[in-house]
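Single-letter residue listing:
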2 protein chains.
Amino acid sequence: MNTVNRQVQLASRPKGEANAENFRLVETAMPTLADGQVRVQHHYLSLDPYMRGRMDESKSYAASQPLGEVMIGGTVGAVVESRHPGFNVGDKVVGMGGWQEYSVVDGNARGALRKVDTTHIPLSAYLGAVGMPGVTAWYGLMKICMPKAGETVVVSAASGAVGSVVGQLAEARGCRAVGIAGGPDKCRYVVEELGFDACVDYKAHADPKAFYLALKEATPDGIDGHFENVGGMILDAVLRRMNAFGRIALCGMISGYDGESIPLTHPQLILVSRLKLEGFIVSEHMEVWPEALKELGTLVALGKLKYRESVAQGIAAAPEAFLGLLKGRNFGKQLVKLV
Amino acid sequence: MNTVNRQVQLASRPKGEANAENFRLVETAMPTLADGQVRVQHHYLSLDPYMRGRMDESKSYAASQPLGEVMIGGTVGAVVESRHPGFNVGDKVVGMGGWQEYSVVDGNARGALRKVDTTHIPLSAYLGAVGMPGVTAWYGLMKICMPKAGETVVVSAASGAVGSVVGQLAEARGCRAVGIAGGPDKCRYVVEELGFDACVDYKAHADPKAFYLALKEATPDGIDGHFENVGGMILDAVLRRMNAFGRIALCGMISGYDGESIPLTHPQLILVSRLKLEGFIVSEHMEVWPEALKELGTLVALGKLKYRESVAQGIAAAPEAFLGLLKGRNFGKQLVKLV
C-alpha cells in the first residue's frame, strides 16, 4: 500500500472568481490507525457547486472551509484497513472523505461511513443519482415543487447530476418536463436520452429577451413547478412564465457564487402570481433520505433513471475539474477518478 | 331620498404614476329595484393599495378594472330600500359597492352583501381590522409567517390597516414585533399605542445602508417572520437580517405599483438562509375568514386590537385620498366617509 496520501487543500480564499491558485496539492504521511478507525481508499471524489460557497468567508449555509485544510467533499471507495468490527477490508463505502486519496474514519461516528451494495448499482452512482445530488433532486421536486400529473416542471442545469434526476422524476409523475442547459449537445441529451419534453439552450439565447421567448415557446401552458440551480437571467425569465400558485425550489444560484450581485428583476411577480419560493439544502432534511434513496436506487438498478458522468483522472486534476464545473464545462455528474 | 348617485369611474389607465386625471366623477340616475334586489347607501368606502394594480391592463392577480366603469372597492352602509325578504331597511351591511354613494345588490348573490352587528364594533371597522385588511394580516401571519413565541416578526407599513394588525397579533403570540413606518409620528404610534417592541423609520434612514443598520439595531436576534407590504429597499434589508428557516409573507409591493422595476438585490439569500417566501391574496383563502373574523372581532370589541383611520369626506375626495395612500400620506386605514 501507498505510504503517501496526496490531498488538495484550500490555499487561499477567492477574490471574485475562484481560480487554480486557491488550491494546493500536498503530500501527507499515512497515519497509523487507532482502535475503531477505518482507512478508506477513495475510488471517486465528488465535485459539487456547493463547495464554491464553502471557499468564502462570507455567510453561507455551512461553515467556511478552513484555510490550509483538505477540501471537503463526498467520496466513494473501499476499506483497505480496519480496526473496527463493523468494517472489513474490501467493503465498498460512501463518506465525506474530502479531496484526497485516502481518509481515516471513526467507524463509530454515526453516518460517517455507509456500506453500499454495488451488485446492481455502480459505485460512482452513490455520489450522483443515488447519492446527495439525487436526494437533492427528489426533495426539491417532491417536497417543494409538489408536481401533479399534467403540470409543467422546469429545471435549470438540466443535464447535471441534480437536474437530470429532477426532470426524469417529473416525467415519471406525468408532468411535462422542460430542461434548461447550455449548448446543443446537452439539450439533445436532455430530450433524446433523458426523455424530457423540451430543453432550452441558454447559450443559443444569450440575452434575456431571446431566452424568455425560447422558454415561452417551450412552456406553452406556463410553468407550475421550477427547480432552480442557476439563478440570474434564468430565474427572471421563469418567474414571468410561472402560473398562479406555482412553486419554486431554490437549490443553487451558481451564477452568483463568485460574489457578484444577481438581482431578481421583478420580485413583484411572486406576489402577482402568488408563488411560493423556498431555499433548501438537503443535508438538513435527513428524514427523507431513506425513502428517496430507495426510489432512486431502484430506478437506477432497473435502468429507468439515466445519468451521465464527467470523469477527471487523478487527484491533481480536481481543481481544474471543479473550476470547469462552475463554468458549466462538465456534462453530467462531475467526478474525479482516483483508482 | 336622493335621486342621483354620484360615482367615481376609471377614466384612463395610468402611464407610470397614477394621478387625478385617471378618475372621473359622474352623476348617474338611481335605477328602480327589481325583485330580489337591495339598495345600499354607503356610509364608508374603503381605499386599498390593491386598487392600483386593478387600474393597469398588465397581468395582476385580478382582472383589470374596466375603463368607464365605477372603481371597484369595499363598502359599508345601510339598506335604504329592499325587495329581498332577507334584508330590511336599516340593516347594516358590508359589500363591494365600489366608489359611489349607492349600490344596487342582488340579495341572492352568495357573499355579495353581509349583515353586520354594530353593537360592539364600529361599522367602519368592518372595512379595516375586522374586514379584508384584518383577515389579510391574520392569514399572512398565521399561515405563512407561522410565528412562535420568542421569535422576531417584522412588518412594513406598520401603522397601516394591515400592518398594525400583524404586529399586534404577533405581540399577542409572544413575539418581538418590529414595525417599519415612515416618519416619527407613525413610529411613535406603532410603539406607544399599538405596543410593538420597536419601529424603524424608513424616512429617517433613507439610504439602503442606513436603513439596514437601523433595522439591525431593532432586530438584535435577527428576523424569523416577515410580512411585506412595501418591497424594494425594505425587503432587501430584511432579507439580510433573516434567520435560517425564516418565513416571508408577500402581501404587497406598493413601491412597485407604478410599473417601475424594484429588483431584489440579493435573492441568493433565500437559498443561503433557506427561506420560504410566499405571495398571497386573501380573497383566495375564504376558508380562513370565519376563524380570522371571529378572533379579530372579539379583540376589537374588547379594545385589545387598536387601529387608526384616515377619513376623507365625500365621494369627490376619493381620488386624492387614494393617491395619498399610495404615497403613504394616510395614517392607518384610509376611508372615505359618505354619510
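Residues numbered from 1 in each chain as written. Chains lettered and ligands numbered in written order. Predicted model: local features only at pLDDT ≥ 70, side-chain atom pairs only at ≥ 80, totals over all residues.

Across its full length, chain A carries nine helices and 15 strands. Computed over C-alpha atoms, the radius of gyration of chain A comes to 20 Å, within 12% of the 20 Å expected from 2.2 N^0.38 for 339 residues, which places it in the range of a compact globule. Taking the principal axes of the C-alpha coordinates as reference, chain A spans close to 60 × 45 × 35 Å. Within chain A, the fraction of its 339 residues that count as buried is 52%. At a minimum sequence separation of 6, the contacts of chain A that also span at least 24 residues come to 66%. (Helix = DSSP H or I, 4+ residues; strand = E, 2+ residues; numbered from the N terminus. Rg over C-alpha atoms; globule rule 2.2 N^0.38 Å. Buried ≥ 20, exposed ≤ 12 C-beta atoms within 10 Å, placed from the backbone. Contact = placed C-beta atoms within 7 Å.)

Quick look at the confidence of the model for chain A now. When pLDDT is averaged along chain A, the result is 94; 96% of the residues meet or exceed 70. Across the interfaces of the predicted complex, the ipTM metric reaches 0.88, alongside a pTM of 0.90. (pLDDT = per-residue confidence, 0-100.)

Another aspect to go through is helix α5 (residues 208–218) of chain B. Residues and elements named next belong to chain B. Phe211, Leu215 and Ala218 are the residues of α5 that are buried. Looking down the long axis of α5, one finds its buried residues gathered within 60° of arc, a one-sided arrangement. In α5, the exposed positions angled more than 90 degrees off the buried face are occupied by Lys209 and Glu217. Packing partners of the buried residues in α5 comprise β9 (176–181), β10 (198–201) and α6 (233–241). (Arc of directions from axis to C-beta.)

Another point: the environment of Ala292 of chain A. All names here are of chain A. With respect to the helices and strands, Ala292 occurs in helix α8 (residues 289–301). Separated by 156 residues in sequence, Ala292 and Thr136 place their C-alpha atoms 9.1 Å apart. When neighbours within four sequence positions are excluded, Ala292 is seen to be in contact with Val135, Trp138 and Tyr139.

Another point: unusual backbone geometry. For residues other than glycine, phi is negative in most cases, and the peptide bonds are mostly trans. All names here are of chain B. Phi at Met146 is positive, roughly 40°, even though this residue is not glycine. Of note, Met146 is situated in the loop between α2 (132–145) and β8 (152–156). Despite not being glycine, Ala157 has its phi angle at roughly 50°, a positive value. As for its position among the elements, Ala157 is in the loop between β8 and α3 (163–172).

This part is about the sheet that holds strand β12 (residues 242–250) of chain A. The strand order across the open sheet built from twelve strands is β10(A)-β9(A)-β8(A)-β11(A)-β12(A)-β13(A)-β13(B)-β12(B)-β11(B)-β8(B)-β9(B)-β10(B), with neighbouring strands paired in mixed fashion. Pairing within the sheet leaves two strands with one partner each, and these edge strands are β10 (198–201) of chain A together with β10 of chain B. When strand polarity is set aside, the average angle formed by the axes of neighbouring strands in this sheet is 15°. In the sheet, β12 of chain A pairs with strand β13 (residues 276–279) of chain A via four bridges, with the strands oriented parallel. Across the sheet, residue Ile248 of chain A finds its bridge partner in β13 of chain A, namely Leu277 of chain A. (Pairing = 2+ DSSP bridges. Axes fitted to C-alpha atoms, helices over the stretch in contact; angles between N-to-C directions.)

All right, on to the packing of α2 of chain B against α3 of chain B then. All names here are of chain B. Orientation of α2 relative to α3, taken along the N-to-C sense of each, is 50°, at an axis distance of 8 Å. On the basis of their axis angle, the class for α2 and α3 is oblique. When you trace α2 past α3, the crossing you get is right-handed. Residues Pro133, Gly134, Ala137, Trp138, Gly140 and Leu141 of α2 lie in contact with α3, whose contacting residues are Val165, Val166, Leu169 and Ala170. Residue composition of the contact of α2 with α3, grouped by class: eight nonpolar, two polar and no charged. (Parallel < 35°, antiparallel > 145°, perpendicular 65-115°, else oblique. Left-handed = near helix turned anticlockwise from the far one by under 90°. Nonpolar A, V, L, I, M, F, W, Y, C, P; charged D, E, K, R; others polar.)

Grouped together as the largest cluster of nonpolar side chains are 203 residues, with contacts concentrated most on Ala318 and Val336 of chain B. Beyond its immediate sequence surroundings of up to four residues, Ala318 of chain B is in contact with Val8, Leu45, Leu47, Trp99, Ala312 and Val336 of chain B. (Core = buried A, V, L, I, M, F, W, Y, C linked by C-beta atoms within 7 Å.)

Our focus in this paragraph is helix α9 (residues 318–326) of chain B. Residues and elements named next belong to chain B. Among the residues of α9, Ala318, Pro319, Ala321, Phe322 and Leu325 are the ones counted as buried. All buried residues of α9 lie within an arc of 165° about the axis, which places them on one face of the element. Buried-residue contacts for α9 involve β1 (4–10), β2 (23–29), β3 (37–46), α1 (50–55), β14 (309–313) and β15 (333–337). Of the residues trailing α9, Gly328 is marked for its positive phi of about 75°.

Residue and element names in this part refer to chain A. What the domain assignment reports for chain A is domain 1 (4–126 + 307–337) and domain 2 (132–283). In this complex, domain 1 contributes 14 residues to the contact, which on the side of domain 2 involves 15 residues. When its residues are assigned to classes, the side of domain 1 that touches domain 2 shows five nonpolar, five polar and four charged. (Domains from an automatic or database assignment.)

Residue and element names in this part refer to chain A. Counting buried positions along strand β15 (residues 333–337) gives four out of five residues, so the element sits mostly inside the fold. Taken together, the three bridges between strand β3 (residues 37–46) and β15 define a ladder with antiparallel strand orientation. Looking at the pairing, Leu45 lines up with Val336 of β15. Where strand β14 (residues 309–313) lies against β15, five bridges are found, and the strand directions are parallel. Paired with Val311 across the two strands is Leu335, which belongs to β15. Viewed along the sheet, the connection from β14 through helix α9 (residues 318–326) into β15 turns out right-handed. (Right-handed = clockwise from strand over helix to strand, strands pointing away.)

Here we take up the interface of chain B and chain A. A common way to report how large an interface is uses the accessible area buried once the components associate. Listed by partner, the interface residues are 27 residues for chain B and 28 residues for chain A. Elements with a minimum of two residues in the side of chain B that touches chain A: α7 (268–272) and β13 (276–279) of chain B. Of the residues that constitute the side of chain B that touches chain A, the class distribution is 14 nonpolar, nine polar and four charged. Where β13 of chain A meets β13 of chain B, three bridges bridge the pair, whose relative direction is antiparallel. Of the residues in β13 of chain B, the one forming a bridge with Leu277 of chain A is Leu277 of chain B.

Attention now moves to the relation of the copies chain B and chain A. If you rotate chain B by 180° and push it 0.0 Å along the axis, it lands on chain A with an RMSD of 0.0 Å. Here the two chains are linked by the operation of a two-fold rotation axis. Same-surface contact between copies: 100% of interface residues of chain B are shared with the interface of chain A. (Least-squares fit on C-alpha atoms with pLDDT ≥ 70 in both.)

The next subject is the environment of Leu250 of chain B. Positionally, Leu250 of chain B belongs in strand β12 (residues 242–250). Between the C-alpha atom of Leu250 of chain B and that of Phe280 of chain B, which follows or precedes it by 30 residues, the distance is 6.5 Å.

Turning our attention to the environment of Gly279 of chain B. For Gly279 of chain B, the position within the fold is in strand β13. In this structure, the C-alpha to C-alpha distance between Gly279 of chain B and Pro208 of chain B, residues 71 residues apart in sequence, is 24 Å. Among all residues touching Gly279 of chain B, those that are not within four sequence positions of it are Ile270, Leu271, Ser273, Arg274 and Leu275 of chain A together with Leu250 of chain B.

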